[in-house]
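Structural characterization, general
Residue-level listing of the chains:
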Amino acid sequence: MSSLLYGRHVVVQLGTTTSTGREYDDLRVQFGVAMTDSSAPNTAKLEVYGLAAGTVAAMQSSDAVVRLLVGYRSQGGVPRLLFQGNPIRGGVHLERRGPDRVLVIEAQDGGREYTAGHVSESYGTGTNSGQLFAALATALGVPLGNVDAVVADVSFPHGLVLQGRVAEQLDRVAAMSGARWQIRDGSLQVWKVGGSTGEAAVLFSAAAGNLIGSPTVTDEGVEVTGLLAPTLRPGKPFRVESADVQGDYVATSLEFKGDSGFATDYYVVAKGAPL
């Protein structure tokens, strides 16, 4: 491991959309976060030790929000957002593990918007996909994040009617635009099929010391295990530099697993397709 990467830093923020939350950065936290490049919500499971029993009721409210930030204290001491979302129905409970009180939270990023959002709008001639994605983000109630020019400039000269669940209409517009979409970190992200979001690439490098084992070449591209990289997301590019594999990829599937310091887990398994 690189000497630049030490001192795990895990922060959990728990609250609601209508009140100031609480931040915890000195408790044991175990977490697993799963992300894919599909439109289905990304998911997380957190286990937080030592919280008060009253926190359970707050996290079971309909507007509860959880945010997980992780990093390394050696990198300026500022953790980066890995996941934010809402607990799923029935996904919050308290467990006793010996002397420990453990709050278990299962959450989705954009899960409520994905299932509940509806739209009923008509668009005339001269409409492009960028306008439609912006309108659908508004209907979801989330900000519009990345939409690259290739995706946004697809024209619909005869207009279009958007009617029904927003998620279904996003699937429809994305298919006609050659795009993928996802609610990520609370905003709508859109990128080209076969391309990436165009964000700065994450580097997995033997020289940097953040590779675990050797990358594996797969039928789809590559699978790499590395030290936790909290900014990596589906659709985002990453680069691999090792003795056996070198190249640029777009992330298609990510599994983050970590413990704030009481177990060895603190890594990401990234699968990617060639760019």
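Going by the structure above, here's the rest.
Heads up: these notes are all about the structure in this document. If you're wondering where the values come from, they're calculated on a predicted model, not measured in any experiment. (Residues numbered from 1 in each chain as written. Predicted model: local features only at pLDDT ≥ 70, side-chain atom pairs only at ≥ 80, totals over all residues. Heavy atoms only, no water.)

What follows is about the sheet that holds strand 13 (residues 179-184). A sheet is described by the order of its strands in space; here three strands give the open sequence 10-14-13, paired in mixed fashion. Strand pairing shows two members of the sheet lacking a second neighbour, strand 10 (144-147) and strand 13, which therefore form its edges. In this sheet, neighbouring strand axes are inclined to one another by 15° on average, regardless of whether the strands run parallel or antiparallel. Note: strand 10 against strand 14 (residues 187-192), two bridges, orientation parallel. Each bridged residue has a counterpart across the sheet, and for valine 147 the counterpart in strand 14 is valine 190. Across the sheet, helix 3 (residues 129-140) is in contact with strand 10, strand 13 and strand 14; its angle to strand 10 comes to roughly 155°. Its contacts with the sheet place helix 5 (residues 166-177) against strand 13 and strand 14, and it is angled at close to 145° to strand 13. (Pairing = 2+ DSSP bridges. Helix = DSSP H or I, 4+ residues; strand = E, 2+ residues; numbered from the N terminus. Axes fitted to C-alpha atoms, helices over the stretch in contact; angles between N-to-C directions. Contact = heavy atoms within 4.5 Å.)

Note that serine 260 resides in the loop between strand 19 (246-259) and strand 20 (266-274). Within the structure, the side chain of serine 260 is placed 3.4 Å from the backbone oxygen of leucine 27, a separation counted as a polar contact. A distance of 2.9 Å separates a polar side-chain atom of serine 260 from the backbone nitrogen of valine 29. (Polar contact = N/O pair within 3.5 Å; in protein donor to acceptor, adjacent residues only side chain to side chain.)

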